[in-house]
Structure formats: C-alpha cells, structure tokens
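Observations on the model geometry
Here is what each chain is made of, one letter per residue.
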Amino acid sequence: MKIGIVGYQGAGKSSLFQFLTGVAPDPAMAHLMQMATAIVPDPRIPLLCEIYQPKKITQASLNIVDTPGLARSHEGSAGKLAQIREAGCLVVVVGAYAGANPANDLQSFEEDLLLADLGIVTTRVEKLRESVKKPRPNREQELAELQSLEPLLAELESGKAMRDLALSTEQSRAIKSFQLLTEKPRFYVINVSDDQAVADSQLEKLDPALRKTVFPVALQLELQQMPESERSAFCAEMGLKLFDREELLREIMDASGQMLFFTAGEKEVRTWMIRKGGTAEEAAAGIHTDLAKGFVRAETMNCVDLFRVGSEREIKAQNMMRKEARNYVIRDGDILHILANV
C-alpha cells in the first residue's frame, strides 16, 4: 500500500516522512518523490510468537512517499500531484502554528486536488467528444464512456469531490484508470506549535470532524532521534510526552481502508494487509497467486479466540477452527491457513 504525504511548502511533510520511516529527506529529491517503507506494528505479534515460537517474523509495511511541497498559488500543483495518483491514501500535513491559517490551507489544498482531477477528466471528455463525431468501430463504446463522464465533469466543475458522489457501476469503471485524487481516502496530520496556547487557538479554526491526529512533528522527531537514556530524562525535565509513532502508522493503515490478517506456525508468524471487506480468495492471492487459482478452502480462526484458549490445538479441540469458502469476508485479526490445489 502506497501512502502519499502531501501538503504545502513549510507544513512539515518531510519531517513527518522522517518521523514515520526513520529515513532522512534527501535534498536532491526535493522536487521529486522520495519513498521509504515503514513496518506496521501490531501488538498481537508478541502473543502469537509466545504460542508458536516461530523461527521468523515478517510484518506488513506501508510505502511512504514524500511529495514535493505545493505552492499556495496553485502554480504547478497538478504536475506535482500527478506523482501520487497511485497512492491508496493521502496523508495531508497542515501547519497550525503562529502565522499559519490551517482552515484556509485545507480549503485551498482541496481546490488543488479538485483542479488536478478536473484537468484529467476534462481532457478525456474533450477527446471523446471529438472522437464520437466520426464513424469508428468502437464509437458506441466511446459514446457510453462519454455519457458516464459528462455528469461527473459537471460535478467537478461545480466544486464537488469525487468521493462525495454516488457513482454508477459504469461511472466507476470509466474513471478507474484516472486514479482521481478527490476519490482517495484522507488522513490529516495537524502540525502544531510547541506553544500549547498557540496550538489551541489554531485548532479552533478546524472542523472537529476531520479524521486527524495533532502533534508537534519537528519536536517529536527530535525526541525520537535522541538516545533513549537522554530522551527519558529530557522528557521528564520538560514535561513532554512521546507521541506514539506506532499508533499513528496503524491509524494511517486504517484510514487507507486496509486491515491485517495473519498466517502463523512454527516456521513463521506473518502479518498481511488486505482491504476491509476483502475475501478469503483475495487473501490467498495476496499470499501467492497460485493459492487463489487453486483455492479449496481457508481454515480460519481469530486471534481473540486463540489468545483466550491458549493454543491452536485447543482451538481445534473446541471446534473453533472454521472452514471458509473463497467468498468469506476476512475479519481483522483472522489467522488463515489456505488449502489449495497447486
């Protein structure tokens, strides 16, 4: 899963990138994307390791992308934003410190996303309008696509984001390859001042319903880089608290519409990412495409039950190991063993 960190110049994007990944921003990449991975931690892994005593532990990760900062003038924004159309979720960094106007920045940033999408859809509609004027073998197909896109273009022109629209099956199919930015899920990181009074005054300007987290990114990055012994003493002296980086990664994963399932045994305990609502067949494909092709069934239990009874053997003794078909909808924390003809 690719996560795009986006925002205006000076908002703190690169500091957040380093906080999440531990990789320092490369000045040579200032006008390009820089990507690094961040493992998604899970508190259930140590408990699974106690039960299975695995030789290997493998954890799912997010591909975090730091993008070039946008200018508030909107100049050049569409080109910079085009670099993250493949991202599954946008983490929008907003400055909320003295001299900043986070509410205005959020509104302006949404306009940037809208304008970028408007350019993509407008170009396609204009091309189709010209194309359907001529007799062509695929004219009916192009006409159907045009009829799907024109109402969406009108909505974008009126200022509506794609995620706020109820799309038909045909419309969803028509825009799938565009990877529109206003359709993507969001998570907001509000980068506040170390001064709590200033931070509070800035936060009053924001919509309380935003899915967000609030913390001073630069300060927390500095604390994270300190030796642990010095950090503890410094935090105690200054009355500071470390921000939970691991919880933030889990929140971002959740906002992106993903969750974790497990495979577990003596050889390996492993976490896998799957979309919420994903099926056993999709989970099998995520492990290996051959498992999906030859899928027979998924032997399934959940971490909650396993931790309660203490062992897989006891799960089976109590008839709690389920045999699920390919269309079974995975639940967060499921442990799967895929049986397949391969």
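Residues numbered from 1 in each chain as written. Predicted model: local features only at pLDDT ≥ 70, side-chain atom pairs only at ≥ 80, totals over all residues. Heavy atoms only, no water.

The next subject is the overall build of the chain. Each helix and strand in the chain was counted, giving 14 helices and twelve strands. In terms of overall dimensions, the chain has a C-alpha envelope of 65 × 65 × 35 Å along the principal axes. Burial statistics for the chain: of 342 residues in total, 45% are counted as buried. For the chain, restricting intrachain contacts to residue pairs at least 6 apart in sequence, the fraction spanning at least 24 positions comes to 69%. When the accessible surface of the chain is totalled, it reaches about 17500 Å², and 50% of it is carbon and sulfur. Counting 41 positive and 48 negative side-chain charges, the chain places the centres of these two groups 7 Å from one another. (Helix = DSSP H or I, 4+ residues; strand = E, 2+ residues; numbered from the N terminus. Buried < 20%, exposed > 50% of the residue type's maximum accessible area, 1.4 Å probe, protein only. Contact = heavy atoms within 4.5 Å. Areas by Shrake-Rupley, 256 points an atom, 1.4 Å probe, with all protein chains shown as cover. Lys, Arg positive; Asp, Glu negative; His and termini not counted. Charge placed at Lys NZ, Arg CZ, Asp CG, Glu CD.)

Let's shift gears to the pairing of strand 8 (residues 258-264). Within strand 8, six of the seven residues are buried, which leaves the element mostly enclosed by the surrounding structure. Of the pairings in the sheet, the one linking strand 8 to strand 9 (residues 268-275) comprises seven bridges and is antiparallel in character. In the strand pairing of strand 9, Ala 264 is matched with Val 269. Joining the antiparallel neighbours strand 8 and strand 9 is a turn of three residues. (Pairing = 2+ DSSP bridges.)

This next bit is on helix 2 (residues 45-52). What sets the pattern is the α-helix's 3.6 residues per turn: residues three or four places apart point alike. By the burial criterion, the buried members of helix 2 are Ile 45, Leu 48, Cys 49 and Tyr 52. Buried positions in helix 2, seen along its axis, are confined to an arc of 100° and lie on one side of it. (Arc of directions from axis to C-beta.)

The subject of this paragraph is the nonpolar core. Membership of the largest hydrophobic core comes to 27 residues, with the highest contact counts inside it found for Ile 5, Leu 16, Leu 20, Leu 62, Ile 64, Leu 248 and Ile 252. Broken down by secondary-structure element, the contributors of at least two residues to this core are strand 1 (2-7), helix 1 (13-21), strand 2 (34-39), strand 4 (61-66), strand 5 (89-96), strand 6 (186-192), helix 8 (217-225) and helix 10 (245-255). Looking at this core, the element that brings in the most residues is helix 10, giving five residues. Apart from residues lying up to four places away in sequence, Ile 64 is in contact with Ile 3, Ile 5, Phe 17, Leu 20, Thr 21, Gln 34, Met 35, Ala 36 and Ala 38. (Core = buried A, V, L, I, M, F, W, Y, C linked by side-chain atoms within 4.5 Å.)

As a further point, take the environment of Leu 81. Tracing the backbone through its elements, the reader meets Leu 81 in helix 3 (residues 77-81). In the structure, Leu 81 is positioned 161 residues away from Leu 242 in sequence and 32 Å away in space, judged by C-alpha atoms. Dropping the residues within four chain positions of it, Leu 81 is found in contact with Leu 70, Asp 112, Leu 113, Ala 116 and Leu 181.

In this section: the packing of aromatic side chains. Taken as a whole and judged by the stated rule, the model has five aromatic pairs. Measuring from centroid to centroid gives 5.4 Å for Phe 19 and Phe 215, while their planes differ by 45°, and the two rings are tilted. With Phe 19 in helix 1 and Phe 215 in strand 7 (residues 212-215), the pair connects residues that are 196 residues apart, well separated along the chain. For Phe 19, a relative accessible area of 2% puts it in the buried group. Judged by its relative accessible area of 3%, Phe 215 falls in the buried class. Centroid distance Phe 261 to Trp 272: 6.4 Å. Interplanar angle 15°. Geometry classified as stacked. Placement of the pair is Phe 261 in strand 8 and Trp 272 in strand 9, with a sequence separation of eleven residues. In this pair, the class of Phe 261 matches that of Trp 272, namely buried. In this structure an aromatic cluster arises from ring pairing among Phe 19, Phe 215 and Phe 243. In this structure, Arg 270 packs its charged tip against the face of Trp 272, placed 4.0 Å from the ring centre. (Phe/Tyr/Trp six-rings, centres within 6.5 Å; stacked < 30°, edge-to-face > 60°. Lys NZ or Arg CZ within 6 Å of the ring centre and 35° of its normal.)

At their nearest, the axes of helix 1 and helix 8 sit 9 Å apart, and the two run at 35° to each other. Between helix 1 and helix 8 lies a crossing whose hand is left-handed. Residue-level inspection shows Ser 15, Leu 16, Gln 18 and Phe 19 of helix 1 in contact with helix 8, the latter providing Val 217, Gln 220, Leu 221, Gln 224 and Gln 225. When grouped by side-chain class, the residues that make up the contact of helix 1 with helix 8 number four nonpolar, five polar and no charged. (Axes fitted to C-alpha atoms, helices over the stretch in contact; angles between N-to-C directions. Left-handed = near helix turned anticlockwise from the far one by under 90°. Nonpolar A, V, L, I, M, F, W, Y, C, P; charged D, E, K, R; others polar.)

Successive side chains on a regular strand alternate, one facing one side of the sheet and the next facing the other. Counting buried positions over the eight residues of strand 5 gives eight, a clear majority of the element. The alternating pattern of strand 5 places Cys 89, Val 91, Val 93 and Gly 95 on one face and Leu 90, Val 92, Val 94 and Ala 96 on the opposite face, and all of these are buried. Judged from the five bridges that link them, strand 1 and strand 5 form a sheet pairing that is parallel. Its bridge partner lying in strand 5, Ile 5 is registered against Val 91. Relative to strand 6, strand 5 is paired through seven bridges, and the arrangement is parallel. If you follow Ala 96 over to strand 6, its bridge partner there is Val 192.

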